[in-house]
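So you can see what is in the structure, the chains are spelled out below.
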Amino acid sequence: MRKYIFGITLLLLAGISAPAQETNAITTRFGALTLSDAGTLLFKGAPFKPTIEANNSLDLSKPFEIGAADVVLVTDNGGTSCPALYYLVTVTKSGAKVTPSFGTCSDLIKIKRNGDSISVSMPGYQGPSESKRAQSRAARERHVFIYRAGVVTENGKPVK
């Protein structure tokens, strides 16, 4: 079972143990984020530029209210080579903006809100085609991505 802290796929927060439900819409204070039938992320019915398309599926988190913005974590679920990558969408009265994708491919994340920032931490990841030693070494790594004012950084450097 996945261990998302705020993701739609986690139902452990309330002690609920149930299969993940696919949610294809999240309401923010400024409009809805939805998923098209083809798995494309939309804001008020229009796709983002560049387009955010699901590998296998997209999950939308509950919005974080940070000042005059709502911030939504989008999980792009993949396969065994790269189980998940992430985006953060900042929604304001003037529109919505998405960060570049980020992550190590791990789907084991911890999310923490700290004032006007959000941290997303996860272990490193090496897929099943890599050696057990490489997988073990990657699993011991700790990666922390910090979102602040629409920008995601890792080790102080913007993610591109």
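All of these numbers come straight from a predicted model, not from anything done at the bench.

How each quantity is defined
- Residues numbered from 1 in each chain as written.
- Predicted model: local features only at pLDDT ≥ 70, side-chain atom pairs only at ≥ 80, totals over all residues.
- Heavy atoms only, no water.
- Helix = DSSP H or I, 4+ residues; strand = E, 2+ residues; numbered from the N terminus.
- Contact = heavy atoms within 4.5 Å.
- Pairing = 2+ DSSP bridges.
- Phe/Tyr/Trp six-rings, centres within 6.5 Å; stacked < 30°, edge-to-face > 60°.
- Buried < 20%, exposed > 50% of the residue type's maximum accessible area, 1.4 Å probe, protein only.
- Polar contact = N/O pair within 3.5 Å; in protein donor to acceptor, adjacent residues only side chain to side chain.
- Salt bridge = Lys/Arg side-chain N within 4 Å of Asp/Glu carboxyl O.

Scanning the protein chain from terminus to terminus reveals one helix and 14 strands. For the protein chain, restricting intrachain contacts to residue pairs at least 6 apart in sequence, the fraction spanning at least 24 positions comes to 36%.

Here we come to the pairing of strand 10 (residues 110-114). In terms of strand pairing, strand 10 meets strand 11 (residues 117-123) through five bridges, oriented antiparallel. Pairing of I111 across the sheet is with V120, part of strand 11. Connecting strand 10 to the next strand, strand 11, in antiparallel fashion are two residues, including G115 with a positive phi near 65°.

A few words now on the packing of aromatic side chains. As enumerated under the stated definition, the model contains two aromatic pairs in all. Plain terms: the ring middles of F102 and F145 are 5.2 Å apart, the flat faces sit at 45° to each other, and that makes the pair tilted. One end of the pair, F102, is in the loop between strand 9 (95-98) and strand 10; the other, F145, is in strand 12 (residues 142-148), and 43 residues separate them in sequence. Exposure class is identical for F102 and F145. Each is buried. One aromatic cluster is present, built from ring pairs that chain together Y86, F102 and F145.

To continue, consider the side chain of T28. Here T28 lies in strand 1 (residues 25-28). Classification of T28 as buried rests on a relative accessible area of 8%. A polar contact of 2.5 Å, which involves the side chain of T28, links it to the backbone oxygen of G31.

Moving on, we come to the pattern of salt bridges. According to the stated counting rule, one finds three salt bridges in the structure shown. Across the pair D70 and R29 runs a salt bridge, and its minimum N-O distance is 2.6 Å. Within this pair, whereas D70 is found in strand 7 (residues 69-77), its partner R29 is found in the loop between strand 1 and strand 2 (31-35), the two being separated by 41 residues in sequence. According to the relative accessible area criterion, D70 is buried, its value standing at 2%. In this structure, R148 engages D116 in a salt bridge whose closest nitrogen and oxygen atoms are separated by 3.5 Å. A residue pair is termed long-range when its members are at least 10 positions apart, and R148 in strand 12 and D116 in the loop between strand 10 and strand 11 qualify at 32 residues. For R148, a relative accessible area of 45% puts it in the partly exposed group. Classification of D116 by relative accessible area gives partly exposed; the value is 44%. Residues participating in the shared-partner salt-bridge network are R29, E65 and D70.

Cis geometry is adopted by the peptide bond preceding P50, which originates at K49 and carries an omega value of 0°. Structurally, P50 can be placed in the loop between strand 4 (46-47) and strand 5 (57-60). With phi around 55°, N155 is a residue other than glycine that occupies positive phi space. For N155, the position within the fold is in the loop between strand 13 (151-154) and strand 14 (157-158).

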